[in-house]
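Notes for the structure review
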Amino acid sequence: MAYITCENLTLRYESLTVQQNLSFTVSQGDYLCIVGENGSGKSTLVKCLLGLKPADGGSLTFGDGLKRSEIGYLPQQSSIQRSFPASVREVVLSGCLNGHLIHPFYTKADKARAAAQMDCLNITALADRCYRELSGGQQQRVLLARALCATKKLLLLDEPLTGLDPLVASELYGILRHIHEDHGITIMMVTHDVENAVRYGTKILHIGSTGYFFGSCAEYRRSESGRRFLGDSLREEHCAGCEPKHARIQIKAEEVHPE
Amino acid sequence: MTRLAEILTPEYVSVILLPALIAGVAVSLCASLLGVSLVLKRCSMIGDGLSHVGYGTLCVAVAMGWAPMQVTVPVVILAAYVLLRLSESSRLGGDTAIALFSASALAIGIFASSKANLTTDVSHYMFGSILAMTRGDVVFSAVLSVCVLLTYLLFYDKIFAVTFDENFARATGLNVRFYNLLIAVLTAVTVVLGMMMMGALLISSLMIFPAVTAMRLCKRFRAVVLTAVAVSVGCFLLGLLVSLWVDTAVGACVILVNLAVFAAASLIRRLMPAKGQ
């Protein structure tokens, strides 16, 4: 049984139906990248998965011992958080709340768990620093540590690379790979970075305005939507009379592991 | 100082000043705790809106001859709930909803009180009169404040989570709507209590000033909360003292002391070298 099974899901944004008959599964060990045009329903899908919004049709079931509240969620950052006076430790600890919704305070085990996740993401030295004073990459690590506190099984990341420079972004890919391979945590990631999605992911869910693709990365490369999306990102744009001067520079992502 | 010594006869202290002190400290405490969440959630205006609703209800209650506090508390709690739902569904923006709401409530109150020719009786709820609180009012305030305080402490960790990131909190299975409602209800209770002492016009600033002062100085949530409480209680005591000394309205003095402390904190923040990465 898969962690998450979606069958014939309908996604609606306001009153507009953006996606119909969407079916896919997420099983233990997957690294699923969700790509697609703006407005195709990616964020709505995330909201449905987390239960922030009911599905507008079809079914969404959780299995294999995964409960909905055990998804580790890395949201897009809001402007409120960027100015919030809180220490790194306080933010990371707040990921432990789903363990005990009745118990009023954090337990010793929670604190140990938070400390372990901070260690894993190499932010222990920042524990008493103020969250709003950190760089974008550091903030993302803090939110990732919080998400890891909330899950032992599955991470759901909503455009985690927004606003990060290429170096920090490739660092984040390294961290995710470490979490995926060494900690055995299943990853779902919404992203616009199709090239790296194909490079690091094991499966792709491409949702477009006319339909969707779900399958392995190799299948995606051969599929029409994959060729179009990957091809688009490599095509030079220039006007008819010009010769393109520069070949597109591709940054080869270094494999960065957290020390 | 001689003036102070003249005023502070033992009888005055035990009958008027001590109850005022107890009620004032209790309300300042609650106001600053909740103020931190309200300011951080970007809904500081809720306090203001509720105070208008509270004033309107008080006017109606007095005009009808009902017990003012006991009628106003439940009505303002209801108003807090409605305001929250309105700003959630947000076809109307949250601030627009508050503005409409508070103006209407105020209008109803003024209508009722002028119909019953009560303008002088209710005007002290507009500006507050902590030294005129009855023993019953003080006991009621103290008990409610203790309830607010205990509830806040009990849910501290969850209130942090909901304030910092609502969506994440909801995703981890926290009943965010309940906690938002809890914050609104506690705010409503505090606003009504504060209205007796600070007046409807000033109570919302009693919530906001200590919070923003603390946010200038602190970098951790817990430190912000504790500093806000200290600032709030300290400013209240100092403000009360000043008002006795120069014989002016207590509410105004407390807020002016808060303003001075806020200005000082801003200055300190400006002068402190920014900590390097």
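Coordinates for the structure precede this section.
What this report covers is the structure whose coordinates are included nearby. Computed from a prediction, not measured in an experiment: that's the story for all the values here. (Residues numbered from 1 in each chain as written. Chains lettered and ligands numbered in written order. Predicted model: local features only at pLDDT ≥ 70, side-chain atom pairs only at ≥ 80, totals over all residues. Heavy atoms only, no water.)

Next up on the list: the nonpolar core. Soluble globular proteins tend to pack their nonpolar side chains together in the buried interior. Within the largest apolar cluster, 137 residues are counted, with the highest numbers of intra-cluster contacts made by A:Leu144 and B:Phe221. The dominant element in this core, judged by the number of residues it contributes, is helix H10 (residues 176-198) of chain B, at 15 residues. For this core, the domains that each give at least three residues are domain 1 (1-66 + 153-259) and domain 2 (81-151) of chain A. What B:Phe221 contacts, discounting residues up to four positions off in sequence, is A:Phe84, A:Pro85, A:Ala86, A:Ser87, A:Glu90, B:Val36, B:Leu40, B:Tyr152, B:Tyr156 and B:Phe160. (Core = buried A, V, L, I, M, F, W, Y, C linked by side-chain atoms within 4.5 Å. Buried < 20%, exposed > 50% of the residue type's maximum accessible area, 1.4 Å probe, protein only. Helix = DSSP H or I, 4+ residues; strand = E, 2+ residues; numbered from the N terminus. Domains from an automatic or database assignment. Contact = heavy atoms within 4.5 Å.)

Before going further, it helps to spend a moment on the interface of chain B and chain A. For an interface, size is often stated in terms of accessible area lost upon the parts coming together. If you look at the interface, chain B gives 29 residues, while chain A gives 37 residues. Buried area between chain B and chain A, both sides added, is near 2,900 Å², and the carbon and sulfur share of it is 60%. Where chain B meets chain A, there are two salt bridges. A:Glu133 is paired through a salt bridge with B:Lys219; the nearest N and O atoms lie 3.1 Å apart. On the surface where chain B and chain A come into contact, there are nine residue pairs in polar contact (both at pLDDT 80 or more). Elements with a minimum of two residues in the side of chain B that touches chain A: helix H7 (135-154), helix H8 (156-164), helix H9 (166-171) and helix H12 (221-246) of chain B. When residues in the side of chain B that touches chain A are grouped by element, the largest group, seven residues, is from H8(B). Partitioning the side of chain B that touches chain A into residue classes produces 14 nonpolar, six polar and nine charged. (Buried area = accessible area lost by both parts, 1.4 Å probe. Salt bridge = Lys/Arg side-chain N within 4 Å of Asp/Glu carboxyl O. Polar contact = N/O pair within 3.5 Å; in protein donor to acceptor, adjacent residues only side chain to side chain. Nonpolar A, V, L, I, M, F, W, Y, C, P; charged D, E, K, R; others polar.)

On to the sheet that holds strand E6 (residues 154-158) of chain A, then. Residues and elements named next belong to chain A. Reading across the sheet, the six strands line up as E5-E6-E7-E3-E8-E9 and stay open at both edges, with mixed pairing between neighbours. Lying at the two open borders of the sheet, with one neighbouring strand each, are strand E5 (71-74) and strand E9 (212-216). On average, each strand axis in the sheet is tilted by 15° relative to the strand beside it, whichever way the strands run. The pairing of strand E3 (residues 31-35) with strand E7 (residues 186-190) spans four bridges and is classified as parallel. When the sheet's bridge partners are listed, Ile34 is paired in E7 with Val190. Each of E3, E5, E6, E7 and strand E8 (203-207) is contacted by helix H1 (residues 42-50), which is oriented at about 145° to E6, the strand it contacts most. Taken strand by strand, helix H5 (residues 136-150) contacts E5 and E6, and its axis lies near 165° from that of E5. (Pairing = 2+ DSSP bridges. Axes fitted to C-alpha atoms, helices over the stretch in contact; angles between N-to-C directions.)

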